[in-house]
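An overview of the molecular structure
Residue strings, one per chain:
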Amino acid sequence: METSDYFKRALRDLRISVTDRCNFRCRYCMPEEIFGKDYPFLSRDSVLSVDETVRIARIFARLGVRKMRITGGEPILRKELPEIVAGIAEIEGVEDIALTTNGSLLAKQAAKLREAGLMRVAVSLDALDDDTFMKMNGGKANVRQVLEGIDAAAEAGLSVKVNMVVQKGVNEHALLPMVRYFREKGHILRMIEYMDVGNTNGWDWKHVISKKEMLERIGAEFPLESAAPNYTGEVASRYRFADGKGEIGIISSVSEAFCQTCTRGRLSADGMFYTCLFATKGHDLRTLLRSDASDDDIVRRIGSIWEGRHDRYSLEREEARGKTDGAKVEMSRIGG
Ligand SMILES: C[S@@+](CC[C@H](N)C(=O)[O-])C[C@H]1O[C@@H](n2cnc3c(N)ncnc32)[C@H](O)[C@@H]1O
Ligand code: SF4
């Protein structure tokens, strides 16, 4: 069964957050002064259990979801992550299971996750020098830990991509060293424009390095050729190195919105369903899961939420800023 929204966009991908906690305090996502000791993280029983998570994933698969991405907070902090992956891997119709992680705990878990059925990882890393990286992650881990996680993932047979958020005046100097390093390693590096997600990172246009600017800087050292998307709705625009040695990607959700082809739904760890990364309001599926509603009832509920979806926040960013109806959901709640 397939479901489409108001703009005829199907529901194809689901990002499932399995925890709102994180061992990092990246300034652009969970700044320590806000997400410090007293921050009201979700209680244990408000987080979906393994069975509830797998059940809701199965229900989404019935609605046409083919790709599941597990995220957080930091998903590897969730002890039952291998069970969740294994449960999702058994669902009929799911063609792709990926994980987004900060990589700091990946070295020990990569083989186990691969065995459970994980196919791909996207590891976030913003610089190759400890000074910059630790400033950005709140001093919680060094570069070596993440590079070891990346190597372990590749050795375990996982396909690896690396995500880098590029911020003007913060880590722009790390752009070319990162491109050089991962080109040699043979992993695709994807640069993400710094986004106005959540309400706590003090985002401003002047902190953004646009896709255009990144391409100019990288292209000056490594001539690039634009490549066609692998599939409709791919978030990163692809560029091949003209010498044939691999490719990079750029995720330009600020300077060039890709709302038109957005087929992604997002589920927070406490079972709220969000139809946009920049949403102010989620739809409570946990209460339904914990009621006597049948799978068919929940399929109908999600179908009607998706059919009423009008979101295209990035396209409307300029008009929308300052005018959103309430606080946006935090990135650490829905995982990017
Ligand atoms: C919220 S994290 C969750 C998964 C995991 N903890 C990680 O860092 O990969 C998912 C992705 O969102 C990115 N992200 C967080 N805040 C961002 C922002 N303000 N702008 C752009 N990307 C952001 C992170 O760099 C990461 O690649
Ligand atoms: S970006 Fe990922 S690693 Fe960094 S604070 Fe947010 S959830 Fe944690």
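The chain is annotated in an unreviewed UniProt entry as GTP 3',8-cyclase of Paenibacillus albilobatus. The record held by UniProt for the chain lists under Sequence similarities (unreviewed entry) the comment "Belongs to the radical SAM superfamily. MoaA family." We quote the UniProt Subunit (unreviewed entry) comment for the chain here in full: "Monomer and homodimer."

What follows is about the site of ligand 1. Near ligand 1 you find 20 residues, and of these Tyr 28, Gly 73, Thr 101, Ser 124 and Met 195 are the closest. Tyr 28 places a polar main-chain atom, nitrogen or oxygen, 3.1 Å from a nitrogen atom of ligand 1. Take Glu 74: an N or O atom from its side chain is 3.3 Å from a nitrogen atom of ligand 1. In the complex, the protein chains occlude 94% of the 550 Å² of accessible area that ligand 1 would expose alone. Looking at the shell around ligand 1, the elements that each hand over two or more residues are strand 3 (96-101), strand 5 (159-166) and strand 6 (188-193). When its residues are assigned to classes, the shell around ligand 1 shows 8 nonpolar, 10 polar and 2 charged.

The subject of this paragraph is the side chain of Asp 126. With respect to the element layout, Asp 126 can be found in the loop between strand 4 (120-124) and helix 4 (130-137). Arg 27 provides the closest opposite charge to the buried, salt-bridge-free Asp 126, at an N-O distance of 11 Å. At a separation of 2.6 Å, a polar atom in the side chain of Asp 126 contacts the side chain of Tyr 28. Of note is the side chain of Asp 126, whose polar atom sits 3.0 Å from the backbone nitrogen of Val 165. What Asp 126 contacts, discounting residues up to four positions off in sequence, is Tyr 28, Phe 133, Met 136, Asn 163, Met 164, Val 165, Asn 171 and Ala 174.

A sheet is described by the order of its strands in space; here 12 strands give the open sequence 7-8-9-6-5-4-3-2-1-10-11-12, paired in mixed fashion. Bordering the open sheet on either side are strand 7 (224-227) and strand 12 (283-284), each of which pairs with just one other strand.

Where helix 4 is concerned, the buried positions are Thr 132, Phe 133, Met 136 and Asn 137. Across the axial projection of helix 4, the buried residues extend over an arc of 115 degrees, all falling on one side. Away from its buried face by more than 90 degrees, helix 4 exposes Asp 131 and Lys 135. Contact partners of the buried residues in helix 4: helix 5 (143-155) and strand 5.

Once that is clear, we can look at the packing of helix 3 (residues 106-116) against helix 5. Interhelical geometry of helix 3 versus helix 5 gives an angle of 15 degrees and a closest axis separation of 8 Å. The angle between helix 3 and helix 5 falls in the class roughly parallel. Handedness of the crossing formed by helix 3 with helix 5: right-handed. Mapping the contact onto sequence places Leu 106, Ala 107 and Ala 110 in helix 3 and Glu 148, Gly 149, Ile 150, Ala 152 and Ala 153 in helix 5. The class makeup of the residues in the contact of helix 3 with helix 5 is 6 nonpolar, 1 polar and 1 charged.

A few words on the side chain of Arg 264. Of note, Arg 264 is situated in strand 10 (residues 264-267). One buried charge, Arg 264, has no salt-bridge partner; the nearest side chain with opposite charge is Asp 13, at 4.7 Å. Aside from chain neighbours lying at most four places away, what touches Arg 264 is Asp 13, Arg 15, Gly 233, Val 235, Phe 258, Thr 275, Trp 306 and Arg 309.

Calculation rules
- Residues numbered from 1 in each chain as written.
- Chains lettered and ligands numbered in written order.
- Predicted model: local features only at pLDDT ≥ 70, side-chain atom pairs only at ≥ 80, totals over all residues.
- Heavy atoms only, no water.
- UniProt positions renumbered as here; feature names shortened; annotations may be inferred.
- Near = heavy atom within 4 Å.
- Polar contact = N/O pair within 3.5 Å; in protein donor to acceptor, adjacent residues only side chain to side chain.
- Areas by Shrake-Rupley, 256 points an atom, 1.4 Å probe, with all protein chains shown as cover.
- Helix = DSSP H or I, 4+ residues; strand = E, 2+ residues; numbered from the N terminus.
- Nonpolar A, V, L, I, M, F, W, Y, C, P; charged D, E, K, R; others polar.
- Buried < 20%, exposed > 50% of the residue type's maximum accessible area, 1.4 Å probe, protein only.
- Lys, Arg positive; Asp, Glu negative; His and termini not counted.
- Salt bridge = Lys/Arg side-chain N within 4 Å of Asp/Glu carboxyl O.
- Contact = heavy atoms within 4.5 Å.
- Pairing = 2+ DSSP bridges.
- Arc of directions from axis to C-beta.
- Axes fitted to C-alpha atoms, helices over the stretch in contact; angles between N-to-C directions.
- Parallel < 35°, antiparallel > 145°, perpendicular 65-115°, else oblique.
- Left-handed = near helix turned anticlockwise from the far one by under 90°.

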